[in-house]
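Now for the letters of each chain:
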Amino acid sequence: MASVAIIGAGLIGRSWAIVFAKAGWQVRITDPEPRALESASRLIREGLDEMAAHGLVADPALAMDHVAVMHSLADAVSGVDIVQENGPEIVDTKLAIFAELDRLCPDHAILASSTSAIVASRFTESLPGRARCLVAHPVNPPHLVPLVELCGAPWTAPETIERARTIYESIEQVPIIVNREVEGFVLNRLQGALLAEAFRLVGEGVVSPQDLDKTLKDGLGLRWSFIGPFETIELNAPGGIADYCNRYTGFYRSLSADPAKPDVWNEDNVGRILEAWGGTPSADTLAYRSVWRDKRLAALKAHKKSQPEV
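For every chain, the first residue of its written sequence is number 1, and the numbers climb from 1 along that sequence. Local features in a predicted model are, by the rule used here, given only for residues with pLDDT of at least 70; side-chain atom pairs are given and counted only at 80 or more, and totals for whole chains, interfaces and linings are based on all residues. Excluded from the side-chain calculation are hydrogens and water; included are all heavy atoms of the structure.

(A) Spatial organisation of the environment of leucine 274. Tracing the backbone shows leucine 274 in helix H12 (residues 267-277). Once the C-alpha coordinates of leucine 274 and proline 209 are considered, the two residues, 65 residues apart in sequence, prove to be 9.2 Å apart. The helix and strand labels rest on DSSP assignments: H or I over at least four residues marks a helix, E over at least two residues marks a strand, and numbering proceeds from the N terminus.

Rendered as structure tokens:
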């Protein structure tokens, strides 16, 4: 049975444990924080049960049998095929973790980081086994949103990327290849561009934050849940992408000439956003987090059904 070590038992680590366990992998999860380990098994099982209720896991008890909580990093990584690191977004911390992983892990093991913005070259350059290291950045949480961005450092071996792609496809994730290192990778750069424009529009009073959310949830989000932006413009003009660009280049050029500026993240504008949003999270907002999980589970089930047979 293939095995994975999950380093970090927070939200992302537990979610990765669910992904690998339901795919039949032997999962070993560890964390230096005892309280995180104490609750890990219960929270992983709750996640598996939620998925089972939506028909996304056939046997949550069997999947849970594949999960072992380990109190030692050395025991967690012994003999594993891949490591999924989920430590803090701090370069020095990742340098220390990956130095230990490279020392302790078997030579064949892939060392993958879930980092959302830090490129692998910043914490793997000095490692003897740096060719087996890469970023495998998921969308939070990966058991509900399957995309994972694979991005190697300049010294990451091509076979490491290909092996990682095969592994993530085998556990029903959707890996993409980021061909060269760029801060934030692809998803967060796209998200950052959209958020900056959203903060500008709300901060300038063009639209309320609630109505902006509806624009995504009931507009672009619905479209982009099954068709990407290039596919969209291919279908939105009779002559495809080239025709679309000929028709709308002027409009988009004028938008690009006046992009949202970094000051949308300044204290004054953030204050306007918070005032428009309504301040601290309300009871309704907190309750909606559980509703969101149910909606995301239902959406994931529908998404899987919509995929073409291959």
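(B) Quick peek at the pattern of salt bridges. By definition, a salt bridge exists where a carboxyl oxygen of Asp or Glu is found within 4 Å of a side-chain nitrogen of Lys or Arg. Across all of its chains, the model carries 13 salt bridges by this definition. Between lysine 22 and glutamate 172 there is a salt bridge, with its nearest N and O atoms 3.5 Å apart. Here lysine 22, found in helix H1 (residues 11-22), pairs with glutamate 172, found in the loop between helix H7 (158-170) and strand S8 (174-177); they are 150 residues apart in sequence, far enough to count as distant. Type-normalised accessible area, obtained with a 1.4 Å probe on protein chains alone, sets the label of each residue: buried when under 20%, exposed when over 50%, and partly exposed for intermediate values. With relative accessibility at 23%, the residue lysine 22 sits in the partly exposed group. On the basis of relative accessibility, which here comes to 47%, the residue glutamate 172 falls in the partly exposed class. Across the pair arginine 247 and aspartate 243 runs a salt bridge, and its minimum N-O distance is 3.1 Å. One end of the pair, arginine 247, and the other, aspartate 243, are both in helix H11 (residues 240-256), 4 residues apart, so they sit about a helical turn from each other. Of the residues examined, arginine 247 reaches a relative accessible area of 48% and is grouped as partly exposed. Overlapping salt bridges, with partners in common, bring together Glu197, Arg200, Asp258 and Lys261 in one network.

(C) Examining the state of the cysteines more closely. When two cysteine sulfur atoms are found within 2.5 Å, that pair is recorded as a disulfide. Taken as a whole and judged by the stated rule, the model has 0 disulfides. Cysteine 105 provides the cysteine sulfur closest to cysteine 133, a residue in no disulfide bond, and the two sulfurs are 9.1 Å apart.

(D) Region of the structure containing the pairing of strand S1 (residues 3-7). When you tally the buried positions in S1, you get 5 out of 5 residues, the bulk of the element. Burial along S1 is two-sided: Ser3, Ala5 and Ile7 and Val4 and Ile6, pointing in opposite directions, are all buried. In this scheme, strands are said to pair when DSSP sees at least two bridges between them. Sheet analysis places S1 next to strand S2 (residues 26-30), joined by 5 bridges and oriented parallel. Note that in S2 the partner of isoleucine 7 across the bridge is threonine 30. Here a crossover is taken to be right-handed if, once the strands point away from the viewer, the path from the first strand over the helix to the second is traced clockwise. Handedness of the β-α-β unit built from S1, H1 and S2 comes out right-handed. Across 4 bridges, the pairing between S1 and strand S4 (residues 82-85) is parallel. Residue pairing across strands places alanine 5 opposite valine 83, the latter belonging to S4.

(E) Just unusual backbone geometry, in detail. Omega for the bond connecting asparagine 140 with proline 141 falls within 30 degrees of zero, at -5°, which places this linkage in the cis form. Within the secondary structure layout, proline 141 lies in the loop between strand S6 (133-138) and strand S7 (147-152). Of note, the phi angle at glutamate 172 is positive, near 70°, even though the residue is not glycine. The backbone of phenylalanine 185 shows a phi angle near 60°, a positive value even though the residue is not glycine. Assignment of secondary structure puts phenylalanine 185 in the loop between S8 and helix H8 (187-203).

(F) Quick look at the UniProt feature "domain: 3-hydroxyacyl-CoA dehydrogenase C-terminal" (unreviewed entry) in the protein chain. UniProt positions are given in the numbering used here, feature names are shortened, and annotations may be inferred rather than shown by experiment. According to UniProt, the feature "domain: 3-hydroxyacyl-CoA dehydrogenase C-terminal" (unreviewed entry) maps to residues 184-251 in the numbering used here. Between the C-alpha atoms that bound residues 184-251 there is a distance of 27 Å. The span itself is 76% helix and 0% strand.

(G) View of the sheet that holds S1. Spatial strand order, S3-S2-S1-S4-S5-S6-S7-S8: 8 strands in an open sheet with mixed pairing. With partners counted over all chains shown, the strands left at the sheet margins are strand S3 (67-69) and S8, one partner each. Within the sheet, the average angular offset between the axes of one strand and its neighbour, ignoring direction, is 25°. By the bridge criterion, 4 bridges tie S4 to strand S5 (residues 110-113) in an arrangement that is parallel. Residue glutamate 85 lies in a different strand from S5, and its bridge partner there is serine 113. Running over the sheet, H1 touches S1, S2, S3, S4, S6 and S7 and is turned about 170° from S2. Interaxial angle, 0 to 180 degrees, is taken between N-to-C directions of lines fitted to C-alpha atoms, where a helix line uses only the stretch in contact. Whether two residues touch is decided by their heavy atoms; if any such pair falls within 4.5 Å, the residues are in contact.

(H) Spotlight on the packing of aromatic side chains. Aromatic rings from Phe, Tyr and Trp, with only the six-membered ring used for Trp, were paired whenever their centres fell within 6.5 Å, and each pair was classed as stacked if the ring planes differed by under 30 degrees, edge-to-face if by over 60, and tilted otherwise. Scanning the entire structure with this criterion turns up 8 aromatic pairs. Aromatic side chains tyrosine 244 and tyrosine 248 sit 4.6 Å apart centroid to centroid with 55° between the ring planes, which places their arrangement in the tilted category. Remark: tyrosine 248 and tyrosine 244 occur in helix H11; sequence separation between them is 4 residues, near one turn of the helix. Of the aromatic side chains, those joined through ring pairs into one cluster are Trp16, Phe20, Trp25 and Tyr168.

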